[in-house]
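For reference, the chains in residue letters:
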Amino acid sequence: MPQLERTADRVAQHCTTLLLFVGLVWRLSAYLGNPVLYTDEAALARTLMTRPVATLLEPLDFVQVVAPGLLLLQKGILALAGSSEYALRWPALCASFITLIVGTRIARTILAPWPGVAFVLLLALSPVLVTYAVSAKPYSVDLMASLIVLWSEIRTNDDAGTTRRWMVGLTAVLSFSVAFVLLAAAAARLVLAQRRGDSRDLRVASLLASAALVSIALSRLLTSTTDLEYLQWFWTGGFPSSSGVAETAIWIGRALAGLFGQTMQYRGAWAWLALLVVGIAAVGRRSPERAVLLALPIVLVVVASVLRFYPLEAGRTQLFLVPGALLGVASGLAVLGDLKQPALRTMSHVAVGLVMLAGVQTALRSDLPPIVVREDMRPFLAAVRREWQEADHVLVPNRESQVFLYYAPRYGFRASDYTLAACPNGRWPQLSAQIVEASRRSRVWLALPAAESVDGAVIRRHLAWRGGRPSSALSGRSYGLRFEMSGEPPLGDPPAVPDLLVRPAAVPWQCYGVFDPLASSDPERHAER
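Predicted model only: the values in this text are computed from it and were never measured.

Q: Hey, could you run me through the overall build of the protein in this one?
A: Of regular secondary structure, the protein possesses 22 helices and five strands. In terms of overall size, the protein behaves like a compact globule, its C-alpha atoms giving a radius of gyration of 26 Å where 529 residues would be expected to give roughly 24 Å. Based on the C-alpha atoms only, the size of the protein along its principal axes is roughly 85 × 50 × 50 Å. Here the protein, with 529 residues, has 53% of them falling under the buried criterion. Put simply, 76% of the contacts in the protein that link residues at least 6 apart link residues at least 24 apart. Of the roughly 23300 Å² that the protein leaves accessible, carbon and sulfur atoms contribute 62%. Side-chain charges in the protein split into 49 positive and 38 negative, and the spacing between the mean points of these groups amounts to 8 Å.

So, in structure tokens, the structure goes:
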């Protein structure tokens, strides 16, 4: 039996190495696939491209919330390598590599062999984590920062050396959401200090709490009051809507299950949540400080959500919780596997197998290689440029404006060559005037996403009503129309206009942030809104 166990352990080590390699290759493949920027990425890219370094330490345009350390890193890379998609996403890719390497280190030094394999598999083969490894937004860095703090503090028998102090301190300026993990790590160190009476643990707890406070202070300093109000509206689903205790508890349970379901795309989200609870409880019997480290970030986010400080909504805002949640599941499996009762050990082995199977199944349900499927405007812009005539004009629906403005200079378009359509919410007079003005041209190009937006559909119908004949189109992930304008007066009644465009917006935020592509973060302009 000991020989069989040693063989199984060696196989586990090889599996961990293989999974690390597959995860790195998968992320690199997605990065080299160069998916088109999506709206938020384009908004962040335009901010980085146009702002001087000094103004990056102020509230950003388009309600982009990014830690200053990451902003300065991205700005430096753009200054050296240009503003391509590759340059913008380089920090996210590197962060995803570090996450995998640190995760593998945790698996080999802290976890039992096969629970460690399960942990690395879930990190390496997650389509969601691969997707955000190819995003200029900060979510991949948030995840990396969270795992670095966990790795640093889960080895609580060691004092915090100089390297670890700098490493943990650096996470505070690279990520805002890591503040939750830093506070949990500080609390875990206090629990450890009480257990072993070592004053060094108190110093480490002070360091961690200070880093968390720095991160919180920076997030507040670099987000305007108006932007905070907008974010609270935008993330309304991330806050409990009921004041009743029972309803709030049910909402919290569903939101936490969403971490595994909607966020990580695993089937059986409630089973995963139950496994996490059992895992943290099992860890707590052996190491209370480790249980605090794994559980407290989730508790703090729940409290922050109830107080409407931070959204507990499935999706990208939960990503920084993923390492701790997966580590909690794997740690619980490891503790159960060490128990002497044969039934519990067998149950642990079965659970490890099911967890690994679920991770593989989720990966296989995604597209391989993982080219992120988004609506790609680049083929449309290339086609317009090839067929461009002197009197042509491009009309860009509001939803496509940020991406268009990022790519337009690359294809040689000047500001006089296009019109950005007004935000559709309650602004039909402005949009109608833009359509009338564009229809006076001999040819009008209309940029449309694969899933046509409300204002895009209205523009298309009204150009046709005014005598435009759609004479060419691109389909697939890029779609656009070229209208040959006859110059004749429109016949019949105009096409119907949805109430969304006619009635004033019930909420002022619907035309704010990324949907105001020419916005400025100037305080006076915000005051005018």
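Q: Got a minute to help me understand the pattern of salt bridges in this structure?
A: When charged atoms on two side chains of opposite charge get close, those side chains can pair. For the structure on display, the rule yields 17 salt bridges. Between Glu85 and Arg410 there is a salt bridge; the shortest N-O distance is 3.1 Å. With Glu85 in helix H4 (residues 85-109) and Arg410 in the loop between helix H18 (401-407) and strand S2 (418-420), this pair connects stretches of sequence that are 325 residues apart. We classify Arg410 as partly exposed; its relative accessible area is 42%. Among the salt bridges present, the one from Asp201 reaches Arg189, with a minimum N-O distance of 2.6 Å. Here Asp201, found in helix H10 (residues 199-221), pairs with Arg189, found in helix H9 (residues 178-196); they are twelve residues apart in sequence, far enough to count as distant. Like Asp201, the residue Arg189 is buried in the burial classification. Ionic contacts of the salt-bridge type, sharing partners, join the residues Glu387, Asp392, Arg443, Arg482 and Glu484 into one network.

Q: Can you walk me through the environment of Ser416 in this structure?
A: Here Ser416 shows up in the loop between H18 and S2. For Ser416, a relative accessible area of 48% translates into the label partly exposed. Counting along the chain gives 216 residues from Ser416 to Arg200, while the straight-line C-alpha distance between them is 64 Å. Beyond its immediate sequence surroundings of up to four residues, Ser416 is in contact with His393 and Arg441.

Q: Please clarify how the packing of aromatic side chains should be interpreted in this entry.
A: Each aromatic ring pair is summarised here by two numbers: the centre-to-centre distance and the angle between the ring planes. Summed over all chains, the structure comprises 17 aromatic pairs. Here Tyr266 and Trp272 contribute two aromatic rings whose centre-to-centre distance is 4.4 Å and whose plane-to-plane angle is 20 degrees, an arrangement assigned as stacked. Neither residue differs from the other here; Tyr266 and Trp272 are each classed as buried. Through pairs of rings, three or more aromatic residues link up here, namely Tyr230, Trp233, Phe234, Trp235 and Tyr512. Between Arg385 and the ring centre of Phe413, over which it is positioned, the NZ or CZ distance is 4.4 Å.

Q: Would you mind showing me how to read the state of the cysteines here?
A: Here a disulfide denotes a covalent bond joining the sulfur atom of one cysteine to the sulfur atom of another. All chains considered together, the criterion is met by one disulfide. In this model, Cys423 is linked to Cys511 through a disulfide, with the two sulfur atoms separated by 2.0 Å. Since a negative S-S torsion denotes a left-handed disulfide, the Cys423-Cys511 link at about -75 degrees is left-handed. Separated by 88 residues along the polypeptide, Cys423 in the loop between S2 and helix H19 (428-439) and Cys511 in the loop between helix H21 (499-502) and helix H22 (523-528) bring together distant segments of the chain. You can call Cys423 buried: its relative accessible area is 3%.

Q: What is the right way to look at unusual backbone geometry in this model?
A: Glycine aside, residues mostly have negative phi angles, and peptide bonds mostly take the trans form. Look at Asn34: it is not a glycine, yet its phi comes out positive at around 55 degrees. The class for Asn34 is buried, based on a relative accessible area of 14%. Its identity is not glycine, yet Gln265 carries a phi of approximately 65 degrees, on the positive side. Within the fold, Gln265 resides in the loop between helix H12 (245-263) and helix H13 (269-286).

Q: I would appreciate a short explanation of the environment of Ala211 in the present structure.
A: Along the chain, Ala211 turns up in helix H10. Take Ala211: its relative accessible area is 8%, and that puts it in the buried class. When the C-alpha positions of Ala211 and Gly169 are compared, they lie 5.8 Å apart, and in sequence the two are 42 residues distant. When neighbours within four sequence positions are excluded, Ala211 is seen to be in contact with Ala172 and Leu182.

Q: What's the story with the pairing of strand S1 (residues 392-396) in this structure? I'm lost.
A: The side chains of a regular strand alternate, residue by residue, between the two faces of the sheet. Of all the five residues making up S1, five are buried; the element is thus mostly covered by neighbouring parts of the structure. Residues of S1 alternate between two faces, with Asp392, Val394 and Val396 on one and His393 and Leu395 on the opposite face, all of them buried. Pairing of S1 with strand S3 (residues 443-448), which is carried by four bridges, proceeds in the parallel orientation. Bridging from a neighbouring strand, Asp392 pairs with Arg443 of S3. Handedness of the β-α-β unit built from S1, H18 and S2 comes out right-handed.

Calculation criteria
- Residues numbered from 1 in each chain as written.
- Predicted model: local features only at pLDDT ≥ 70, side-chain atom pairs only at ≥ 80, totals over all residues.
- Heavy atoms only, no water.
- Helix = DSSP H or I, 4+ residues; strand = E, 2+ residues; numbered from the N terminus.
- Rg over C-alpha atoms; globule rule 2.2 N^0.38 Å.
- Buried < 20%, exposed > 50% of the residue type's maximum accessible area, 1.4 Å probe, protein only.
- Contact = heavy atoms within 4.5 Å.
- Areas by Shrake-Rupley, 256 points an atom, 1.4 Å probe, with all protein chains shown as cover.
- Lys, Arg positive; Asp, Glu negative; His and termini not counted.
- Charge placed at Lys NZ, Arg CZ, Asp CG, Glu CD.
- Salt bridge = Lys/Arg side-chain N within 4 Å of Asp/Glu carboxyl O.
- Phe/Tyr/Trp six-rings, centres within 6.5 Å; stacked < 30°, edge-to-face > 60°.
- Lys NZ or Arg CZ within 6 Å of the ring centre and 35° of its normal.
- Disulfide = S-S within 2.5 Å.
- Pairing = 2+ DSSP bridges.
- Right-handed = clockwise from strand over helix to strand, strands pointing away.

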